[in-house]
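An overview of the molecular structure
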Amino acid sequence: MKPETAKTLANDFETMWRKEFAALPDDLAPLLRDLFVALDELNHHKPSDRRLTWVDVSFHQVGGHWKAFATPRVERRKWNAMQALHLMNALEGFNQRAEGKT
C-alpha cells in the first residue's frame, strides 16, 4: 500500500490499524476504510459514554483473494444481536468486494 494511504488509514483508525496492514495491496485501501467505518459503527448499537474497539481484524489470502476475519475483543455477554449481525455484514461486504463479486 502507498505509504501516504497507510498513514491516513492509521491516523483515521488508530485503534484498529496494525503496521502489517501497510503491506496489503493498494486497491484494498477503500475496502479497508469502509470496513473500519463499519466496525466503528458497532459502538452505535449500544448506548455508551465511551468508544470501544469491539474486534481485532486480520486479513489473509484465501483462494487468491483477500479475506477479512475478526476476533472479538469485548466479552460475549456485552454484545447484542444487532452488533453481531452488523459485524457479519461488514465482513461479508469486505470479502465479497475483495473477491470482485459485487
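These lines cover the structure that appears in this document, whether it is placed above or below. Nothing here was measured: the structure is a model prediction, and the numbers come from that model.

With respect to helix 2 (residues 29-40)
Here helix 2 spans 16 Å end to end across 12 residues, near enough to the 16 Å set by a 1.5 Å rise per residue. Among all positions in helix 2, only Ala29, Leu31, Leu32, Leu35, Phe36, Ala38 and Leu39 are buried. Buried residues belonging to helix 2 abut helix 1 (3-12), strand 1 (55-62), strand 2 (65-72) and helix 3 (81-99).

Here's the deal with the packing of helix 1 against helix 2
Between helix 1 and helix 2, whose axes approach to 11 Å, the crossing angle comes to 0 degrees. Accordingly, the angle class assigned to the pair helix 1 and helix 2 is roughly parallel. Residues Thr5, Thr8, Leu9 and Asp12 of helix 1 touch helix 2, and the partners they reach there are Ala29, Leu32 and Arg33. Its residues placed into classes, the contact of helix 1 with helix 2 shows three nonpolar, two polar and two charged.

Re the pairing of strand 2
On any regular strand, side chains alternate: one points to one face of the sheet, the next to the other face. Alignment of strand 1 against strand 2, held across eight bridges, turns out to be antiparallel. By the bridge assignment for strand 2, aspartate 56 is matched with threonine 71. A loop of two residues connects strand 1 with strand 2, the two strands running antiparallel in sequence, and glycine 63 in this loop sits at a positive phi of about 60 degrees.

Regarding the packing of helix 2 against helix 3
In helix packing, the relevant descriptors are the interaxial angle and the interaxial distance, both defined with respect to the helix axes. Relative to each other, helix 2 and helix 3 sit at 175 degrees, their axes nearing to 9 Å. In terms of their interaxial angle, helix 2 and helix 3 are classed as roughly antiparallel. Mapping the contact onto sequence places Leu31, Leu32, Asp34, Leu35, Ala38 and Leu39 in helix 2 and His86, Leu87, Ala90, Leu91, Phe94, Arg97 and Ala98 in helix 3. Partitioned by chemical class, the residues of the contact of helix 2 with helix 3 number 10 nonpolar, one polar and two charged.

Observations concerning the packing of aromatic side chains
Taken as a whole and judged by the stated rule, the model has six aromatic pairs. Look at phenylalanine 21 and phenylalanine 59: their rings are 5.1 Å apart centre to centre, the planes differ by 80 degrees, and that puts the pair in the edge-to-face class. Of this pair, phenylalanine 21 sits in the loop between helix 1 and helix 2 while phenylalanine 59 sits in strand 1, placing them 38 residues apart in sequence. Judged by its relative accessible area of 3%, phenylalanine 21 is buried. Through pairs of rings, three or more aromatic residues link up here, namely Phe13, Trp17, Phe21, Phe36, Phe59 and Phe94.

Scoring rules and cut-offs
- In this numbering scheme, every chain counts its residues from 1 along its sequence in written order.
- Predicted model: local features are reported for residues with pLDDT of at least 70 only, side-chain atom pairs are reported and counted for 80 or more only, and whole-chain, interface and lining totals are derived from all residues.
- To obtain the side-chain values, all non-hydrogen atoms of the structure were included, while hydrogens and water were left out.
- Elements are defined by DSSP. Helices are runs of H or I of four residues or more, strands are runs of E of two residues or more, and each kind is numbered from the N terminus.
- Residue count minus one, scaled by 1.5 Å, sets the expected span of a helix.
- Accessible area is worked out with a 1.4 Å probe on protein chains only. A residue is then buried under 20% of its type maximum, exposed over 50%, and partly exposed in between.
- Residues are treated as being in contact if the distance between any of their heavy atoms lies within 4.5 Å.
- Lines fitted to C-alpha atoms define the axes, with helix axes restricted to the stretch in contact, and inter-axis angles between N-to-C directions lie between 0 and 180 degrees.
- Any angle that is under 35 degrees is reported as roughly parallel, and any over 145 degrees as roughly antiparallel; angles of 65 to 115 degrees are reported as roughly perpendicular and all others as oblique.
- Residues are sorted three ways: Asp, Glu, Lys and Arg are charged, Ala, Val, Leu, Ile, Met, Phe, Trp, Tyr, Cys and Pro are nonpolar, and all the rest, Gly among them, are polar.
- Here, strands pair whenever DSSP counts at least two bridges between them.
- Geometry of aromatic contacts follows a simple scheme: Phe, Tyr and Trp rings, the Trp one being its six-membered ring, pair when their centres are within 6.5 Å, and the pair is stacked under 30 degrees between planes, edge-to-face over 60, tilted otherwise.

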